[in-house]
Structure formats: C-alpha cells, structure tokens
Amino acid sequence: MVNNKLVLHIIRFFFLVLAQVLVFNNLNFLGYINPMVYILFFYWYPVKENKAILLIASFFLGLTIDMFSDTMAIHTAACVTIAYLRSGIMRFCFGVNYDFQNFKMSSTTTLQQVTFLALLILFHHLIFFSLEIFSFSNLLLILKKVLIVGSATLLLCLLIKSLFSTQKK
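Residues numbered from 1 in each chain as written. Predicted model: local features only at pLDDT ≥ 70, side-chain atom pairs only at ≥ 80, totals over all residues. Heavy atoms only, no water.

1. Here's the deal with helix H6 (residues 139-163)
Across its 25 residues, H6 extends 35 Å between first and last C-alpha, which sits within 8% of the 36 Å expected from 1.5 Å per residue. Turning to H6, its buried residues number three or more, namely Ile142, Lys145, Val146, Val149, Gly150, Ala152, Thr153, Cys157, Ile160 and Lys161. Against the buried residues of H6 lie helix H2 (40-44) and helix H5 (110-133). (Helix = DSSP H or I, 4+ residues; strand = E, 2+ residues; numbered from the N terminus. Expected span 1.5 Å × (residues − 1). Buried < 20%, exposed > 50% of the residue type's maximum accessible area, 1.4 Å probe, protein only. Contact = heavy atoms within 4.5 Å.)

This is the structure in structure tokens:
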C-alpha cells in the first residue's frame, strides 16, 4: 500500500515536470501568459506526510523546472517557499479540520479545495514574479502578471485536477 502511494507520487512528479517543460513552457497566450501547472504537486502531496520530504521534493521540483526553463532558481525559491507555507495555508483554508489525524482532502468542500489551490498559486506567483522582475517600482506589472498568469494557472490546474481526480462519485 505504501509503495503504491510512493509510486503514484513519483509518477505525478515526473508527469507534472514533463507537462510543464514540454507543453506549458512553450505556450505563450497573448505573449506572456505561461501557466505553471506543476503547482498541483503541492496540492496533491499527502496531508500528513513528512514535511522535510516535501521541502526536499519541492527543491528538486523547482530545480528541475529551472534547469529546463533557464530561470536561475526562481522556480526553486518559489517552490520551497510554498512548501514551507503549505501547512499554514491548509490551516487557513480547512480550519480545525486540518488538525485532526484523519483529515482527508476529499472530505472537504469544493470551495475549500479551490481556495487552497488558489492561495498556493497566489503565493507562488507573488514570489516568482517578484524575483523575476526584482523591482518594486514595477509593482503594478508584478500584480498584473500575478493576476493574469495566476488565473490561467488556476483554470488549467482545476481542469487537470478534475481530469485526474481519484474521487469516486
């Protein structure tokens, strides 16, 4: 059982890296909208798993995306930061339910799940575009990119999440 879950997470990791590098890095909607769907890794990562492993995996996820995207560790910094903030975001979205040992993402409402994913994307994009532009004189450009690219990322992540959902209805 444990090996099946581990294999599933490894497959998701490689699928998201390949999808990001081969497909979504080459999409340029309106010239600058590149959705970052690899953020789904942080959404799909098990709730009660070891957080040190999440930080290490997020480092390698970001580093792999950076190597193929030539972005000099911007993805890595954003990934490690949202991996660190993930439990706080979950506590904010799911409240006291998150603190119980038997918490499962499937037992939450759709609104809570979308809010969790949207906050992951928001924090990731704020860090990513702040480091990419690296100038607070261009704060409106940073916010514009966060809003537009974040919306496209959220839309595609929700689509991918619904396509590969393991919930039984």
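2. With respect to the side chain of histidine 75
With respect to the helices, strands and loops of the structure, histidine 75 is situated in helix H4 (residues 74-94). Separated by 2.5 Å, the side chains of histidine 75 and tyrosine 38 make a polar contact. Non-local contacts of histidine 75, meaning those with residues more than four positions away in its chain, are made with Met36, Tyr38, Gly62, Ile65, Asp66, Ser69 and Phe128. (Polar contact = N/O pair within 3.5 Å; in protein donor to acceptor, adjacent residues only side chain to side chain.)

3. As for the packing of aromatic side chains
Per the counting criterion, the structure on display carries eight aromatic pairs. Seen in terms of ring centroids, phenylalanine 13 and phenylalanine 14 are 5.6 Å apart; in terms of plane orientation they differ by 90°. Their pairing is edge-to-face. On the accessibility criterion, phenylalanine 13 (14% relative accessible area) is buried. Note on tyrosine 43 and phenylalanine 116: the rings are 5.8 Å apart at their centroids and 35° apart in plane angle, and the pair reads as tilted. Taken together, the residues tyrosine 43 in helix H2 and phenylalanine 116 in helix H5 connect sequence positions 73 residues apart. On the basis of relative accessibility, which here comes to 0%, the residue phenylalanine 116 falls in the buried class. Each residue in the set Phe13, Phe14, Phe41, Phe42 and Tyr45 is aromatic and connected to the rest through ring pairs, giving one cluster. (Phe/Tyr/Trp six-rings, centres within 6.5 Å; stacked < 30°, edge-to-face > 60°.)

4. Digging into the pattern of salt bridges
Counted according to the given criterion, the structure contains one salt bridge. Residue lysine 145 pairs with glutamate 132 through a salt bridge whose shortest N-O separation is 3.5 Å. Here the residue lysine 145 occupies a position in helix H6, and glutamate 132 occupies one in helix H5, the gap between them amounting to 13 residues. Residue class for lysine 145 comes out buried when judged on its relative accessible area of 18%. When its relative accessible area of 37% is taken as the criterion, glutamate 132 is described as partly exposed. (Salt bridge = Lys/Arg side-chain N within 4 Å of Asp/Glu carboxyl O.)

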